[in-house]
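Secondary and tertiary structure notes
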Amino acid sequence: MLFRSLWLIVRPAPQVLACALVCFLVRVLTALNLQHRLTGTPSTYTWGWLVPIKDLLQAAIWLLAFMGNRIEWRGQRMRLRRDGTLVRV
């Protein structure tokens, strides 16, 4: 989702817009299909517009994960050194 949006911003051509819309539609329909198959309830299309927002938020969380050097895993606090090793705090 993020790369398609960047592609559309960098090169706003009709072909790029068409490709981005097709990718957007496939992503939303895939998410709704998976929701239906996993929950067993009839899928409603009213929440489909939230799929790209969720994707953008997940990309932002992924990018922010690279900003720090503190880690908490299984109740243990650690720090990541510059050489890539973990040290318990």
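Scoring rules and cut-offs
Residues numbered from 1 in each chain as written. Predicted model: local features only at pLDDT ≥ 70, side-chain atom pairs only at ≥ 80, totals over all residues. Heavy atoms only, no water. Pairing = 2+ DSSP bridges. Helix = DSSP H or I, 4+ residues; strand = E, 2+ residues; numbered from the N terminus. Axes fitted to C-alpha atoms, helices over the stretch in contact; angles between N-to-C directions. Salt bridge = Lys/Arg side-chain N within 4 Å of Asp/Glu carboxyl O. Buried < 20%, exposed > 50% of the residue type's maximum accessible area, 1.4 Å probe, protein only. Phe/Tyr/Trp six-rings, centres within 6.5 Å; stacked < 30°, edge-to-face > 60°. Parallel < 35°, antiparallel > 145°, perpendicular 65-115°, else oblique. Contact = heavy atoms within 4.5 Å. Nonpolar A, V, L, I, M, F, W, Y, C, P; charged D, E, K, R; others polar.

**Let's talk about the sheet that holds strand S3 (residues 86–88)**
Strand order in this open sheet of 3 strands is S1-S2-S3, and the pairing throughout is antiparallel. The open sheet has two free edges, formed respectively by strand S1 (70–73) and S3, since each of these has just one partner strand. In this sheet, adjacent strand axes meet at a mean angle of 35° when their direction is disregarded. When S1 meets strand S2 (residues 76–80), the two strands line up antiparallel, connected through 4 bridges. Residue pairing in the sheet places Glu72 in a bridge with Arg77 of S2.

**Focus: the pattern of salt bridges**
Opposite charge on two side chains lets them pair, provided their charged atoms get close. The final tally for this structure, using the stated rule, is 2 salt bridges. Of the charged contacts in the structure, one is a salt bridge between Arg27 and Asp55, with a shortest N-O distance of 2.8 Å. Of this pair, Arg27 sits in helix H2 (residues 14–39) while Asp55 sits in helix H3 (residues 50–64); the two residues are 28 residues apart in sequence, bridging distant segments of the chain. A relative accessible area of 26% places Arg27 in the partly exposed class. Judged by relative accessible area, which is 13%, Asp55 ranks as buried. Taking the shortest distance from any N to any O, the salt bridge between Glu72 and Arg77 comes out at 4.0 Å. Across this residue pair, the class does not change: Glu72 and Arg77 are exposed.

**Some details on the packing of aromatic side chains**
Going through the model one piece at a time under the given rule, you end up with 1 aromatic pair. Ring plane angle 85° and centroid distance 5.1 Å describe the contact between Trp62 and Phe66, whose orientation is recorded as edge-to-face. One exposure class covers both Trp62 and Phe66, and it is exposed.

**Some details on the packing of H2 against H3**
Two elements in contact, H2 and H3, have axes separated by 9 Å at closest approach and are oriented at 95°. By the angle class used here, H2 and H3 are roughly perpendicular. For the pair H2 and H3, contact is made by Phe24, Arg27, Val28 and Ala31 and by Val51, Pro52, Lys54 and Asp55, respectively. Looking at the contact of H2 with H3 residue by residue, the class counts come to 5 nonpolar, no polar and 3 charged.

**Focus: unusual backbone geometry**
Even without glycine at this site, Arg74 takes up a positive phi of about 55°. Position of Arg74 among the secondary structure elements: in the loop between S1 and S2. Relative accessible area serves as the criterion here: at 72%, Arg74 is assigned to the exposed category.

Geometric values such as these leave the question of function open.
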